[in-house]
Amino acid sequence: MPSAPFKNFHTRVIHECQSPENWDGATLPPIYQSSATAHATAESLSDTFGGKTGEHIYMRLTNPTNQVLEQKLASLESGAGAVVMSSGMAAITNACMALLRAGDEFICANSLFMSTYVLFNNIFKKYNISAKMVEAMDSDAIKQAITPKTRFIYIETIGNPKMDVARIQDIAEIAHANGLPLLVDNTLATPYLCRPIELGADVVIHSTTKYLSGHGNATGGVVIDSGKFDWSGERYPDFKPFIDRKGALAYLDKVWREHHINFGTTQAPLHSYLTLLGLDTLALRMERHVANATKVAQFLNTHPAVKWVNYPGLETSPSHQTAKEQFGGLGFGGLLSFGLADQQQCFSFINNLKMIYHLANLGDCKTLVIHPYSSQYLAFAEEIKQDIAITPDLVRLSVGIEGVDDICADLDQALQGLK
Ligand SMILES: Cc1ncc(COP(=O)(O)O)c(C=O)c1O
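Because the structure is predicted, anything quoted here is derived from the model rather than measured.

Visitor: Could you give an account of the state of the cysteines, with specific residues and numbers?
Guide: A full pass over the atoms with the stated rule returns 0 disulfides. No disulfide involves cysteine 17; its nearest neighbouring cysteine sulfur is the one of cysteine 194, lying 20 Å away. Owing to a relative accessible area of 16%, cysteine 17 belongs among the buried residues under this scheme. Cysteine 108 takes part in no disulfide bond, and the closest cysteine sulfur, belonging to cysteine 96, lies 8.7 Å away.

Visitor: Lay out the packing of helix H4 (residues 88-97) against helix H10 (residues 250-263) in plain terms, naming residues and giving numbers.
Guide: Packed helices, taken two at a time, are described by their axes: the angle between them and the distance between them. Following both chains from N to C, one finds H4 and H10 inclined at 120°, their axes separated by 9 Å at the closest point. Of the possible angle classes, the one that applies to H4 and H10 is oblique. Seen along the crossing, H4 lies across H10 with a hand that is right-handed. Facing Asn94, Ala95 and Met97 of H4, the residues of H10 in contact are Tyr251, Val255, His259, His260 and Phe263. Among the residues making up the contact of H4 with H10, the classes are represented as 5 nonpolar, 3 polar and no charged.

Visitor: I'd like a rundown of the environment of leucine 99, residues and numbers included.
Guide: On the secondary structure map, leucine 99 appears in the loop between H4 and strand E2 (105-109). Under the relative-accessibility criterion, leucine 99 is labelled buried at 0%. Between the alpha carbons of leucine 99 and lysine 254 there is a distance of 8.7 Å; along the sequence they are 155 residues apart. Setting aside its immediate chain neighbours within four residues, leucine 99 contacts Asp104, Arg151, Phe152, Leu183, Trp231, Tyr236, Phe239 and Tyr251.

Visitor: Account for the packing of aromatic side chains, naming residues and giving values.
Guide: Applying the stated criterion to the full structure yields 16 aromatic pairs. Seen from their ring centres, phenylalanine 120 and phenylalanine 124 are 5.8 Å apart, and the 15° between their planes marks the pair as stacked. Residues phenylalanine 120 and phenylalanine 124 agree in their burial class; the two are buried. Between phenylalanine 229 and tyrosine 236, the aromatic rings sit 6.0 Å apart at their centres with planes inclined by 85°, giving edge-to-face as the arrangement. Residue phenylalanine 229 shares its accessibility class with tyrosine 236, and that shared class is buried. Put simply, the rings of Phe106, Phe120, Phe124, Phe152 and Tyr154 pair up and form one aromatic cluster.

Visitor: Which residues make up the site of the ligand, and what values go with them?
Guide: Around the ligand, 14 residues are found, and the nearest of them are Gly88, Met89, Asp185, Ser207 and Thr209. The separation between an oxygen atom of the ligand and a polar main-chain atom of glycine 88 is 2.9 Å. Between an oxygen atom of the ligand and a main-chain N or O atom of methionine 89, the distance comes to 2.9 Å. Considered on its own, the ligand offers 390 Å² of accessible surface; in the complex 89% of this is hidden by protein. Counting residues per element, the shell around the ligand draws most heavily on H4, at 3 residues.

Visitor: Please set out the side chain of asparagine 310 residue by residue, giving values where relevant.
Guide: By secondary structure assignment, the location of asparagine 310 is in strand E8 (residues 308-310). In this structure the side chain of asparagine 310 is engaged in a polar contact, spanning 2.8 Å, whose partner is the backbone oxygen of lysine 162. Apart from residues lying up to four places away in sequence, asparagine 310 is in contact with Pro161, Lys162, Met163, Leu336 and Ser337.

Visitor: Now, about the sheet that holds strand E10 (residues 357-358): what can you tell me, with residues and values included?
Guide: Pairing is mixed in the open sheet, where 5 strands are placed in the order E8-E9-E12-E11-E10. Taken across any chain shown, the strands that pair with only one partner, and hence form the sheet edges, are E8 and E10. With 5 bridges joining them, strand E9 (residues 335-339) and strand E12 (residues 394-398) adopt antiparallel strand pairing. Bridged to phenylalanine 338 within E12 is valine 395.

Visitor: Provide a residue-level description of the pairing of strand E5 (residues 182-185), including the pertinent values.
Guide: Here E5 shows two buried faces, one formed by Leu182 and Val184 and the other by Leu183 and Asp185. Bridge count for strand E4 (residues 150-156) against E5 is 4 bridges, and the pairing is parallel. Considered in E5, the bridge of tyrosine 154 is made with leucine 183. Where E5 meets strand E6 (residues 203-207), 3 bridges bridge the pair, whose relative direction is parallel. Following the sheet pairing, aspartate 185 is matched in E6 by isoleucine 205.

Parameters at a glance
Residues numbered from 1 in each chain as written. Predicted model: local features only at pLDDT ≥ 70, side-chain atom pairs only at ≥ 80, totals over all residues. Heavy atoms only, no water. Disulfide = S-S within 2.5 Å. Buried < 20%, exposed > 50% of the residue type's maximum accessible area, 1.4 Å probe, protein only. Axes fitted to C-alpha atoms, helices over the stretch in contact; angles between N-to-C directions. Helix = DSSP H or I, 4+ residues; strand = E, 2+ residues; numbered from the N terminus. Parallel < 35°, antiparallel > 145°, perpendicular 65-115°, else oblique. Left-handed = near helix turned anticlockwise from the far one by under 90°. Contact = heavy atoms within 4.5 Å. Nonpolar A, V, L, I, M, F, W, Y, C, P; charged D, E, K, R; others polar. Phe/Tyr/Trp six-rings, centres within 6.5 Å; stacked < 30°, edge-to-face > 60°. Near = heavy atom within 4 Å. Polar contact = N/O pair within 3.5 Å; in protein donor to acceptor, adjacent residues only side chain to side chain. Areas by Shrake-Rupley, 256 points an atom, 1.4 Å probe, with all protein chains shown as cover. Pairing = 2+ DSSP bridges.

Shown next, in the form of structure tokens:
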């Protein structure tokens, strides 16, 4: 069944890339739970290894269930192709490794998800690769950081946990004027709020573990290629064989062929299935996440026990105007942070909560809370925590889709009971 060109994102998430005629009439694809596929003849397997048939060989390389999710995510993000992987970190690692050689540099935002920060600062450093961290909202700083060794620019649509929103279009223009691609981690915004490729980004990455699957039951990641970047420039001599083989999809081929299949960062087909199931309600959930987060931010902002609130939806946020324009007035995401007096109060608050789950995740339909300073960032040096604004008084809240009155009531009783 060919996909009709639906205008409404609520329809697109449900009906795009559906093909029940290939799934015995089922409305979601079967879970192909097989490590390898049988071939009738020696010639057929040899042809498939030679790239002549498009058939499957071994599930570390491709899987039919995963391919449905790849097509759907590429389509929702206005990309030309995608590869799904075992986690968001697998996607980030492969997306960057495909571009990097020892001695290279790249430019990235200084407010990045914790494991991305570790990968960029600690692990890449071992291979003499240097991440130049800059303020993502400062276009001049980005321009000044570019050198002949720079291979790409990397940002998050909404920085986790700083909640800063950079102008993707401006950064893409700077990148392209210097022959560089822009990579965007769109996990916190999702294609419901923002489609970075439409704003000029060249590669989009997601942790599908979060809003895309939406129920805290499937781990995964994806790399989506716009197919628009010209990799024949002088900065990318190593792209020649991939351009010869795949043309516009040279980058995705490099990610897949050189890294994904050899690093073995395979997505389990069950997790692709669960992510496809979750995607059916992405637009509906995001609408509610955004509406609830806005009300919760306003509630916290006027609460006497709360010292400050960081949410791009508040007019006081330095990201408010950019987010308003860039997200087309659809909202500001479901994640926020706020401050209490100190770490002890944060612990007391979390321990008082009755409904809200205390765990290290975000983007679940349930409301989730964490004290990042003493958990995800526990092993970070004090000066780095200060640098990236992870302070002892900070609580991070991933606002879910429950009734907002119940969320606020739980927050309120926990704040009232502070010791
Ligand atoms: C913005 C962002 N990118 C990437 C990741 C990593 O995703 P995963 O946990 O699926 O590896 C996370 C995880 O929280 C995240 O918040």
